[in-house]
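Residues per chain, in single letters:
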Amino acid sequence: MSASSRGAALLRSQQRSICLQCRTQARVLAPAVFSNVAPRRFYSAEASAIPSPPTSTTTLPPPHPPVTTSTGTHAATSTSSQIYRIKSGVILTRPPLLTRDLTPFEESFYFYQKRLNERLTAPFRKDFYFKKDTAADLDWRIKLKERHGVPAKDIGRYNPRGRMAWNDEVLVGSQTSSRKHMVEKLLADAEMRVSEDGEEIPAEDRVPVEKPMPRRTEADEKGDVKRLDRALDKTLYLVVKKKAEKEGEEAKWMFPTGVVPTDEGLHETAARILAESAGVNMNTWIVGRVPVAHHVVRPVFGQKDGALLKKGEKIFFLKGRIMAGQADLTDNLHDLVDFKWLTQEELRSALAEEYFHSVKGMFAER
């Protein structure tokens, strides 16, 4: 007897313990027999049987927004445009002109890379660069002897082809990899040892090579914060000092700022304020039209009647670059009395704490 026949026999005997396959085949082959079996009901069928509530055809009006009552003494109807002035400012920067100083670890790492390069590259072929028995060839021989047979000029006493070539690391505390030591060695090696006639020049008659300019300038030594040729490995920011509004108040350092009129954009106001504040003797560039920082000064209200005593300020700062020139506060239109070019570390102490906190996110890494 097949599975379908057995399933049909079970259905005739009113038994329910049959498999799903037999039930399905019996529904197709013998619908008359299967008609006396109660259909299966699922949870979804029960859920669909629940009648949904009748929908109303009338449209309800939108709910009213909640009314916020004033918790202060001034009226709650004051809008932002009535109690705040919109201002635009420019953070004028001079980018770094030199790379930063290397850390001792970085100096040792690059020095190790030079020695490793000497080990892995092909040997130096002097015959390709120097003609035999010429002044240049004689000068090369003398310098090679002074370097203990090492062609490289700035890797110290190390032979990459000898039996101790594996020992190419610098010992802790050694000054061989320091910038000062390497500059001295390169300058001494650059001095000519042989004259044009092929005669060796005595040490006292050798012409010294001009040394590179120091990284610290005269302005760094004197502490002159108005010059742009200082802190060459860091970014400088222009800040101005505005005259105090009232007697007894202390003048504050800030970036050049001014009120934005209705017919100007933020970038247009920033360029105009910079020219009115620091003069036109500067070649500057406003980097973009999107503010890079903003600062909010809260309005001042009377304690008794809640009257507005002083409007607040919303200042949006744009970034600028100086390529040439210098700031000049002569005949400025914003009551400015002084200016400085400061680094990020110096701005922390010069600006007010809240003011610095508002703009510190746009400062460069160095």
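The rules behind the values
Residues numbered from 1 in each chain as written. Predicted model: local features only at pLDDT ≥ 70, side-chain atom pairs only at ≥ 80, totals over all residues. Heavy atoms only, no water. Helix = DSSP H or I, 4+ residues; strand = E, 2+ residues; numbered from the N terminus. Buried < 20%, exposed > 50% of the residue type's maximum accessible area, 1.4 Å probe, protein only. Contact = heavy atoms within 4.5 Å. Salt bridge = Lys/Arg side-chain N within 4 Å of Asp/Glu carboxyl O. Patch = residues over 30% accessible without salt bridge, like charges linked within 9 Å, V, L, I, M, F, W, Y side chains within 5 Å. Areas by Shrake-Rupley, 256 points an atom, 1.4 Å probe, with all protein chains shown as cover. Phe/Tyr/Trp six-rings, centres within 6.5 Å; stacked < 30°, edge-to-face > 60°. Lys NZ or Arg CZ within 6 Å of the ring centre and 35° of its normal. Core = buried A, V, L, I, M, F, W, Y, C linked by side-chain atoms within 4.5 Å. Lys, Arg positive; Asp, Glu negative; His and termini not counted. pLDDT = per-residue confidence, 0-100. Pairing = 2+ DSSP bridges.

A. Highlighting the overall build of the protein chain. When you go through the protein chain residue by residue, the secondary structure sums to 13 helices and 10 strands. Among the 366 residues that make up the protein chain, the fraction classed as buried is 28%. Partitioning the contacts of the protein chain with sequence separation of at least 6, the portion at a separation of at least 24 is 68%.

B. Geometry of the pattern of salt bridges. Tallying each qualifying case throughout the model produces 19 salt bridges. Across the salt bridge formed by Glu 313 and Lys 87, the nearest N and O atoms sit 2.9 Å from each other. One end of the pair, Glu 313, is in strand E9 (residues 312–325); the other, Lys 87, is in strand E1 (residues 84–94), with 226 residues separating them in the sequence. Overall, the relative accessible area of 17% leaves Glu 313 in the buried class.

C. Representation of a nonpolar patch on the surface in the model. Taken together, the side chains of Leu 102, Phe 105, Phe 109 and Tyr 110 define a hydrophobic patch exposed on the protein surface, amounting to about 450 Å² of accessible area. For Tyr 110, a relative accessible area of 44% translates into the label partly exposed.

D. Summary view of the environment of Glu 118. Relative to the assigned elements, Glu 118 resides in helix H6 (residues 104–120). C-alpha of Glu 118 to C-alpha of Tyr 158: the two residues are 40 residues apart in sequence and 9.7 Å apart in space. In this view, Glu 118 contacts Ala 152, Ile 155, Pro 160 and Arg 161; residues no more than four positions away in its chain are not counted.

E. Seen up close, the packing of aromatic side chains. Counted under the stated rule, the structure contains 10 aromatic pairs. Taken together, Phe 124, Phe 128, Tyr 129, Phe 130 and Trp 140 form an aromatic cluster joined through their ring pairs. A cation over a ring is seen here: Lys 226 above Phe 339, with NZ or CZ 5.5 Å from the ring centre. Lying over the aromatic face of Tyr 84, Lys 314 brings its terminal NZ or CZ to 4.7 Å of the ring centre.

F. Quick peek at the nonpolar core. The biggest cluster of nonpolar side chains holds 18 residues, and the ones touching the most others in it are Leu 92, Leu 238, Leu 274, Met 282, Phe 339 and Trp 341. Those elements that place two or more of their residues in this core are E1, strand E2 (236–242), helix H11 (266–278), E9 and strand E10 (336–342). Counting residues in each nonpolar core, the second largest holds 16 residues, with Ile 91, Ala 293, Ile 315 and Tyr 355 among its members.

G. Seen up close, the side chain of Asp 220. Structurally, the position occupied by Asp 220 is in helix H10 (residues 218–222). For the buried Asp 220, which has no salt bridge, the nearest side chain bearing the opposite charge is Arg 230, at an N-O separation of 4.4 Å.

H. Main features of unusual backbone geometry. The phi torsion at His 148 lies on the positive side, around 60°, for a residue other than glycine. Residue Ala 231 is not a glycine yet carries a positive backbone phi of 45°. By the element assignment, Ala 231 lies in the loop between H10 and E2. Judged by its relative accessible area of 12%, Ala 231 is buried.

I. View of the confidence of the model for the protein chain. Considering every residue of the protein chain, the mean pLDDT works out to 83; 78% of them sit at 70 or more. Low pLDDT, under 50, characterises residues 42–48; the predicted model gives this stretch 1 contact beyond four residues in sequence or across chains. Ignoring residues within four places in sequence, the model shows residues 64–77, a span with pLDDT below 50, making 10 contacts including any to other chains.

J. Expanded view of the pairing of E2. Among the 7 residues in E2, 5 count as buried, and that is most of the element. Summarising the sheet, E1 and E2 pair through 2 bridges and their orientation is antiparallel. Each residue of the ladder has a partner; that of Arg 94, found in E2, is Leu 236. As paired strands, E2 and E10 are joined by 6 bridges and run antiparallel to one another.

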